[in-house]
Amino acid sequence: MKKRRRQSHPPREPNLPSKKKMIKESDLYYSQIVAPIQRELRRAQQFRNLDVIDELWNKREQALRQYQLLVKRACYIKRP
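Residues numbered from 1 in each chain as written. Predicted model: local features only at pLDDT ≥ 70, side-chain atom pairs only at ≥ 80, totals over all residues. Heavy atoms only, no water.

(A) Geometry of the packing of aromatic side chains. For the structure on display, the rule yields 1 aromatic pair. One residue, arginine 60, lies across the ring of tryptophan 57, its end atom 4.9 Å from the ring centre. (Phe/Tyr/Trp six-rings, centres within 6.5 Å; stacked < 30°, edge-to-face > 60°. Lys NZ or Arg CZ within 6 Å of the ring centre and 35° of its normal.)

Next up, the structure:
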């Protein structure tokens, strides 16, 4: 039987910090601003809290308008 030769591996480079991934500005805005407002609104609707519902509804409408503007712009930013 032949002896196996050790394969020489090139020296490894030191681990560089990974590049931050990019995310659409609109998606980040939706997940950080719009989604929490919608969750609060859903809870308020379940408990029939009418005065809070009106306030949250207006907040949600403004947030969705801003979100639509960001969707049209379609800028990518670094993920936080």
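Read on, since the account is not over.
(B) Just unusual backbone geometry, in detail. Although it is not a glycine, arginine 48 sits at a positive phi angle of roughly 55°. Despite not being glycine, alanine 74 has its phi angle at roughly 55°, a positive value. By the element assignment, alanine 74 lies in the loop between helix H2 (50-73) and strand E2 (76-78). (Helix = DSSP H or I, 4+ residues; strand = E, 2+ residues; numbered from the N terminus.)

(C) The environment of valine 34, seen in detail. Looking at the secondary structure, you find valine 34 in helix H1 (residues 25-46). Residues valine 34 and glutamine 62 lie 28 residues apart in sequence; the distance between their C-alpha atoms is 9.3 Å. For valine 34, the contacting residues outside a window of four places in its chain are Tyr29, Ala63, Leu64 and Tyr67. (Contact = heavy atoms within 4.5 Å.)

(D) Geometry of the pattern of salt bridges. Tallied over the entire structure, the rule returns 2 salt bridges. Across the salt bridge formed by glutamate 61 and arginine 60, the nearest N and O atoms sit 3.2 Å from each other. By relative accessible area, which is 27% here, glutamate 61 ends up partly exposed. The exposure class of arginine 60 is buried, given its relative accessible area of 17%. (Salt bridge = Lys/Arg side-chain N within 4 Å of Asp/Glu carboxyl O. Buried < 20%, exposed > 50% of the residue type's maximum accessible area, 1.4 Å probe, protein only.)

(E) Geometry of a negative patch on the surface. A surface patch of like charges, here negative, comprises Glu40, Asp51, Asp54 and Glu55. Considering each element in turn, the negative patch owes the most residues, 3 residues, to H2. Within the secondary structure, glutamate 55 sits in helix H2. (Patch = residues over 30% accessible without salt bridge, like charges linked within 9 Å, V, L, I, M, F, W, Y side chains within 5 Å. Areas by Shrake-Rupley, 256 points an atom, 1.4 Å probe, with all protein chains shown as cover. Lys, Arg positive; Asp, Glu negative; His and termini not counted. Charge placed at Lys NZ, Arg CZ, Asp CG, Glu CD.)

(F) View of H1. The end-to-end C-alpha distance of H1, which contains 22 residues, comes to 31 Å, matching closely the 32 Å that a straight helix rising 1.5 Å per residue would cover. The largest bend in H1 is about 40°, located at serine 31. Among the residues making up H1, those that are buried are Ser26, Leu28, Val34, Ala35, Ile37, Gln38, Leu41 and Ala44. At the exit of H1 stands arginine 48, carrying a positive phi of roughly 55°. (Expected span 1.5 Å × (residues − 1). Bend = angle between axes of the 7 residues up to and from the residue.)

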